[in-house]
Amino acid sequence: MAKAKGNIIIDIEKCKGCEICMDACPEDVIAMSKEVNNKGYLYAVKIEDSCTGCTNCALVCPDAVITVYREVKKKKEQVAKITNVTGNITVTVDK
Amino acid sequence: MSVESLEKIDTKVFERPTTLIDTEMHYCPGCGHGVAHRLIAEVIDELGIVEDTIGVAPVGCSVFAYNYIGVDFSQAAHGRASAVATGIKRVLPEKYVFSYQGDGDLAAIGTGETIHTCNRGENVLIIFINNGIYGMTGGQMAPTTLPSMKSTTSPFGRDTKSMGFPLKITELVAQLPGTYYVTRQSVHKPLNVRRAKKAIQKGFEYQKLNKGTCFIEIVSNCNSGWKMSPVESNKWMDEHMLAYYPLGDIKLPNDTEA
Ligand SMILES: Cc1ncc(C[n+]2csc(CCOP(=O)(O)OP(=O)(O)O)c2C)c(N)n1
Ligand code: SF4
Ligand SMILES: [Mg+2]
């Protein structure tokens, strides 16, 4: 089965660089920055695209700086169904 | 003709709870207090009880809990949080009342208040953060400090001959008929965080039943006091703290009713 695709957004100014997220990530997506943030901490950065959106990093983050997204495949809503057309018709779909 | 197909949508699966006030917390990097605060905020959000919850903050590192968890709060003198929670709950029985206390607060100076609150079976939730040390004042020995564990007041390690044994106050209050739900959790790994959240949710939900005190211990780290990095302190906690303070439910509602 293909792995789920996810993404994380890190609030780098609130991050204190504890590295617990880095330790908790099973996909090694997170590393520490080379530069410090305004508070003087090295902060967590996303370095790989292999995030599965498992939320492990966010669950253990003591400062709640990580937001996690997961790509879900959703059936597109059926907006129109056209059957038995004999002549010319115009269909407009509001969106 | 059918216009059905698959669409890829990015769904937010985790975000900061709204009850956790959008500000920086003063805790040391990696401190478990932050996770515990967030879980309380998540549960309050999900149960929709932000207007109906009153917290009592302790003395200790979490003295400023009221700056972070966005519900009504009182702050108690050292060790007295469960007594203050008792008063609030008795005057406002329809509110969800919880205290949030460290081990120095709850199991040292506040031992009497803790035991009597539980023995009276007050309908409050006590959340107990056990990091085995007085974090705020610089890492002195607490009643919960492990045998041989070093602290600023046991620099050669806790000698149980002269300093006594770590107090398992959670097991102790579970013996009292006044407690309804007693459990020990941790917040150092994703699975543990999920379990701790479930426990906190139960603790709040049970309060509506008026069946007694709910008591949730969260074994936590104090990496500053333990003089370790956050990741090291969580590993040390896993190995040493959890060996003495095993995780799991100690008293379940069915046990009381049986
Ligand atoms: C009456 C009184 N005695 C002593 C103190 C000093 N004091 C402040 S915090 C604290 C211990 C806190 O330890 P704990 O409850 O374990 O919280 P932590 O900081 O570890 O989370 C002590 C002894 C005080 N503030 N008031
Ligand atoms: S001193 Fe210990 S308990 Fe207090 S904020 Fe720092 S790590 Fe947390
Ligand atoms: Mg403590």
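Calculation notes
- Residues numbered from 1 in each chain as written.
- Chains lettered and ligands numbered in written order.
- Predicted model: local features only at pLDDT ≥ 70, side-chain atom pairs only at ≥ 80, totals over all residues.
- Heavy atoms only, no water.
- Helix = DSSP H or I, 4+ residues; strand = E, 2+ residues; numbered from the N terminus.
- Rg over C-alpha atoms; globule rule 2.2 N^0.38 Å.
- Buried < 20%, exposed > 50% of the residue type's maximum accessible area, 1.4 Å probe, protein only.
- Contact = heavy atoms within 4.5 Å.
- Near = heavy atom within 4 Å.
- Nonpolar A, V, L, I, M, F, W, Y, C, P; charged D, E, K, R; others polar.
- Buried area = accessible area lost by both parts, 1.4 Å probe.
- Salt bridge = Lys/Arg side-chain N within 4 Å of Asp/Glu carboxyl O.
- Polar contact = N/O pair within 3.5 Å; in protein donor to acceptor, adjacent residues only side chain to side chain.
- Core = buried A, V, L, I, M, F, W, Y, C linked by side-chain atoms within 4.5 Å.
- Areas by Shrake-Rupley, 256 points an atom, 1.4 Å probe, with all protein chains shown as cover.
- Expected span 1.5 Å × (residues − 1).

### Some thoughts on the overall build of chain A
Helix and strand counts for chain A stand at two helices and four strands. Written out in order from the N terminus, the α and β elements of chain A read β-α-β-β-α-β. Expected size for 95 residues packed as a compact globule is a radius of gyration near 12 Å; at 22 Å, chain A overshoots this value by more than 25%. Dimensions of chain A, computed from the C-alpha atoms along their principal axes, are close to 70 × 35 × 20 Å. Relative to its full complement of 95 residues, chain A shows a buried share of 39%. Once local pairs closer than 6 in sequence are excluded, the contacts in chain A between residues at least 24 apart make up 54%.

### Regarding the site of ligand 2
In the vicinity of ligand 2, the contacting residues are Tyr27(B), Cys28(B), Cys31(B), His33(B), Cys61(B), Asn131(B), Gly135(B), Cys222(B), Asn223(B) and Ser224(B). The class makeup of the residues in the shell around ligand 2 is five nonpolar, five polar and no charged.

### Looking at the interface of chain B and chain A
Counting residues at the interface gives 38 residues for chain B, matched by 38 residues for chain A. Summing the contributions of chain B and of chain A, the shared interface buries around 3400 Å²; its carbon and sulfur component is 58%. There are three salt bridges connecting chain B and chain A. Counting across the chain B and chain A interface gives 13 residue pairs in polar contact (both at pLDDT 80 or more). Secondary-structure elements contributing two or more residues to the side of chain B that touches chain A are strand E1 (6-14), helix H1 (32-47), helix H8 (190-207) and helix H10 (230-244) of chain B. For the side of chain B that touches chain A, the element with the highest residue contribution is E1(B), accounting for nine residues. Its residues placed into classes, the side of chain B that touches chain A shows 16 nonpolar, nine polar and 13 charged.

### Section: the nonpolar core
In terms of nonpolar packing, the biggest core is built from 51 residues, with Ile8(A), Ile66(A), Ile40(B), Ile127(B), Ile200(B) and Phe204(B) touching the most fellow members. Setting aside residues no more than four positions away along its own chain, Ile66(A) makes contact with Ile8(A), Ile9(A), Ile10(A), Cys21(A), Cys57(A), Ala58(A), Cys61(A) and Phe14(B). Formed by 19 residues, the second largest nonpolar core is a distinct cluster that contains Ile54(B), Ala76(B), Ile169(B) and Val173(B).

### Re the side chain of Glu217(B)
All names here are of chain B. Take Glu217: it is sitting in strand E9 (residues 213-219). Within the structure, the side chain of Glu217 is placed 3.0 Å from the side chain of Arg184, a separation counted as a polar contact. Once residues within four sequence positions are removed from consideration, Glu217 is found in contact with Phe128, Asn130, Thr170, Thr183, Arg184, Gln185 and Tyr245.

### Focus on unusual backbone geometry
Phi at Ala64(A) takes a positive value of approximately 45°, unusual for a residue other than glycine. Tracing the backbone shows Ala64(A) in the loop between helix H2 (56-60) and strand E4 (66-75). Taking the relative accessible area as the measure of exposure, Ala64(A) reaches 6% and is therefore buried. You will see that Lys227(B), though not glycine, has its phi angle at about 60°, which is positive.

### Observations concerning the site of ligand 1
All names here are of chain B. Neighbouring ligand 1 are 16 residues; His33, Asp103, Gly104, Asp105 and Gly135 lie closest to it. Measuring from an oxygen atom of ligand 1, one finds a backbone N or O atom of Asp105 at 2.7 Å. Summarising the interface, the protein chains cover 72% of the accessible area of ligand 1, which totals 600 Å² for the free molecule. Contributing elements (two or more residues each) for the shell around ligand 1: helix H4 (103-109) and strand E6 (133-134). Class assignment of the residues belonging to the shell around ligand 1 gives a composition of six nonpolar, eight polar and two charged.

### Focus: H1(B)
Residues and elements named next belong to chain B. Between its first and last C-alpha, H1 extends 23 Å over 16 residues, near the 22 Å set by a 1.5 Å rise per residue. Within H1, 13 of the 16 residues are buried, which leaves it mostly tucked inside the rest of the structure. Trailing H1 by a residue or two, Gly48 shows a phi angle of about 65°, which is positive.

Such coordinate-based values are descriptive only and should not be taken to indicate function.
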